[in-house]
Each structure stands twice: as structure tokens, then as C-alpha cells.
Amino acid sequence: AESYDEALSLAQKCSQMSVSTLGLGHRLSLVTLHQVVVLLGKLERHQEVPPSLLRCFQAGQAALGTTNPQTLQALEKIAESLRAAQKFPEAELLCRSVLTSKEQIY
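**Points about the nonpolar core**
Core analysis: the biggest nonpolar cluster contains nine residues, these being V37, L72, L75, I78, A79, L82, A91, L94 and V98. Contributing elements (two or more residues each) for this core: α4 (69-84) and α5 (88-105). Broken down by element, this core gets its largest block of residues, five residues, from α4. Residues L8, A11, V36 and V49 belong to the second largest nonpolar core, which totals seven residues.

Right, here's the structure in full:
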């Protein structure tokens, strides 16, 4: 768990720098925020998912498109984290959004 804690600290710093430098909707900001969510999940610290994260991914979804595979994967991870943190309305909203986008693809 110690290595995950260290990785999380680094990922959070990268994410903060990316968002402040490139903006919320930039592809690299989305990737670094996604890494933070994954690491929080590995540490079972879902309740710590940053509240601004959903806004960032919505901005990314607008920039990359609703059917972009990276956007959909990231949104699924956020929904998982929200569900694990028992934030069910938010998780359901994301799951429905992902499902609608996947229906457009297939």
C-alpha cells in the first residue's frame, strides 16, 4: 500500500499541474485525473475522489466527444468510485451517460 500512496501523491501533483497549466478539458488533464481515480480505487479511498473531477471529465467529454473510448473508460472509473463511496445518484447519472454514448457507438 505504501507504493500506492507514493504513486497517488505523485499523480495528484501531476494532475494539479496539468489542470492549472493546460485547463480542465485538455486530454492530458483527463489522463492524469483518471490516474488519481484509479489509485484512489486501489487504496479503497473512493470517498476522496475530488468533487471537481466530474466537471473536468464533462469538459473533456465536450472536447474529445461523447464516444471517445478514453473518455468513456474514465467516466466508468469515476462512476465505480462514486458507487463505492455510496454516492448513488451521481454514479447513476454517469452510468446512464456512458450507456447512452455506447449505444451511439454500437
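This is not the end of the story, as more comes after the structure.
**With respect to the packing of helix α2 (residues 27-42) against α4**
Orientation of α2 relative to α4, taken along the N-to-C sense of each, is 30 degrees, at an axis distance of 10 Å. Taken together, the axes of α2 and α4 are roughly parallel relative to one another. Seen from above, α2 lies across α4 with left-handed handedness. Mapping the contact onto sequence places R27, H34, V37 and V38 in α2 and Q70, Q73, A74, K77, I78 and S81 in α4.

**Digging into helix α1 (residues 2-22)**
Here α1 is 21 residues long and its end C-alpha atoms lie 30 Å apart, about the 30 Å a rise of 1.5 Å per residue gives. Considered for burial, the residues of α1 that qualify are L8, A11, S15 and S18. The arc that holds every buried residue of α1, seen down its axis, measures 100 degrees, which confines them to one face. Facing away from the buried side of α1 by more than 90 degrees, the exposed set consists of E2, E6, Q16, M17, S20 and T21. Where α1 is buried, its residues meet α2.

**As for the pattern of salt bridges**
Counting across every chain of the model gives three salt bridges. Where R45 meets D5, a salt bridge forms, and the shortest distance between an N and an O atom there is 3.1 Å. Of the two residues, R45 is situated in the loop between α2 and α3 (52-64) and D5 in helix α1; the sequence distance between them amounts to 40 residues. The partly exposed category is assigned to R45, whose relative accessible area is 23%.

So, how was this worked out
- Residues numbered from 1 in each chain as written.
- Predicted model: local features only at pLDDT ≥ 70, side-chain atom pairs only at ≥ 80, totals over all residues.
- Heavy atoms only, no water.
- Core = buried A, V, L, I, M, F, W, Y, C linked by side-chain atoms within 4.5 Å.
- Buried < 20%, exposed > 50% of the residue type's maximum accessible area, 1.4 Å probe, protein only.
- Helix = DSSP H or I, 4+ residues; strand = E, 2+ residues; numbered from the N terminus.
- Axes fitted to C-alpha atoms, helices over the stretch in contact; angles between N-to-C directions.
- Parallel < 35°, antiparallel > 145°, perpendicular 65-115°, else oblique.
- Left-handed = near helix turned anticlockwise from the far one by under 90°.
- Contact = heavy atoms within 4.5 Å.
- Expected span 1.5 Å × (residues − 1).
- Arc of directions from axis to C-beta.
- Salt bridge = Lys/Arg side-chain N within 4 Å of Asp/Glu carboxyl O.

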